[in-house]
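A look at the structure
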Amino acid sequence: MTTTTHAPASSRSALGLTVLRVVIGIIFLAHGYQKFFMYTLPGTTGAFTDMGVPLPALAAPAVAALELLGGLALVLGLGTRFVAPLLALTMLGALLLVHLKAGFFNPNGIEFPLLLLAGAVALTLAGPGAYALDETLNKRR
């Protein structure tokens, strides 16, 4: 009989949360970067206007900043329980205001923002995992 050595469940969970947090963070970071530097804020505001997002002149820069800085914070694991629910709310808004009318499937349906919403909610509930700046800072306190 062969025996296999497995990492403890807590180590696997910590690693799983790290993978989720970093990947979700990279996606949000990239989308925030896109809104600021590729579409530009005026272009993003125009797109939000066309999509029917309320108060697009306020929403566009707020969402762009949250995605850029919040995505970076998730990658680092810094302020995860503060940032993740805010990002979840942006995805809920995107689902309801923009993507729901396009059905489930990509390119414009709800599947991608739904996945980001689920990831952000999971991080809100579970925290950043052991491999995060949040945990390092908590240990120093």
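Residues numbered from 1 in each chain as written. Predicted model: local features only at pLDDT ≥ 70, side-chain atom pairs only at ≥ 80, totals over all residues. Heavy atoms only, no water.

With that settled, the discussion passes to the packing of helix H3 (residues 56-76) against helix H4 (residues 80-99). Where H3 meets H4, the closest approach of the two axes is 10 Å, and the angle between their N-to-C directions is 140°. With respect to H4, the element H3 is oriented oblique. Crossing hand, H3 versus H4: left-handed. Residue-level inspection shows Val63, Leu66, Glu67, Gly70, Gly71, Ala73 and Leu74 of H3 in contact with H4, the latter providing Thr80, Val83, Ala84, Leu86, Leu87, Thr90 and Met91. Grouping the constituent residues of the contact of H3 with H4 by class yields 9 nonpolar, 4 polar and 1 charged. (Axes fitted to C-alpha atoms, helices over the stretch in contact; angles between N-to-C directions. Helix = DSSP H or I, 4+ residues; strand = E, 2+ residues; numbered from the N terminus. Parallel < 35°, antiparallel > 145°, perpendicular 65-115°, else oblique. Left-handed = near helix turned anticlockwise from the far one by under 90°. Contact = heavy atoms within 4.5 Å. Nonpolar A, V, L, I, M, F, W, Y, C, P; charged D, E, K, R; others polar.)

Here we take up a nonpolar patch on the surface. Taken together, Phe82, Leu86, Leu89, Leu92, Leu96, Leu97 and Leu100 make up a surface patch of nonpolar side chains, about 690 Å² in accessible area. Residue classification places Phe82 among the exposed positions, given a relative accessible area of 61%. (Patch = residues over 30% accessible without salt bridge, like charges linked within 9 Å, V, L, I, M, F, W, Y side chains within 5 Å. Areas by Shrake-Rupley, 256 points an atom, 1.4 Å probe, with all protein chains shown as cover. Salt bridge = Lys/Arg side-chain N within 4 Å of Asp/Glu carboxyl O. Buried < 20%, exposed > 50% of the residue type's maximum accessible area, 1.4 Å probe, protein only.)

It is worth spelling out the packing of aromatic side chains at this point. All chains considered together, the criterion is met by 3 aromatic pairs. Pairing Tyr33 with Phe37 gives two aromatic rings, centres 4.9 Å apart and planes at 45°, and the pair type is tilted. Of this pair, Tyr33 and Phe37 are both found in helix H1 (residues 9-38), 4 residues apart, which corresponds to roughly one turn of the helix. Owing to a relative accessible area of 54%, Phe37 belongs among the exposed residues under this scheme. With centroids separated by 5.9 Å and ring planes inclined at 40°, the aromatic side chains of Phe36 and Phe37 adopt a geometry described as tilted. With a relative accessible area of 23%, Phe36 lands in the partly exposed category. Feature note: the residues Tyr33, Phe36 and Phe37 constitute an aromatic cluster, connected by ring pairs. (Phe/Tyr/Trp six-rings, centres within 6.5 Å; stacked < 30°, edge-to-face > 60°.)

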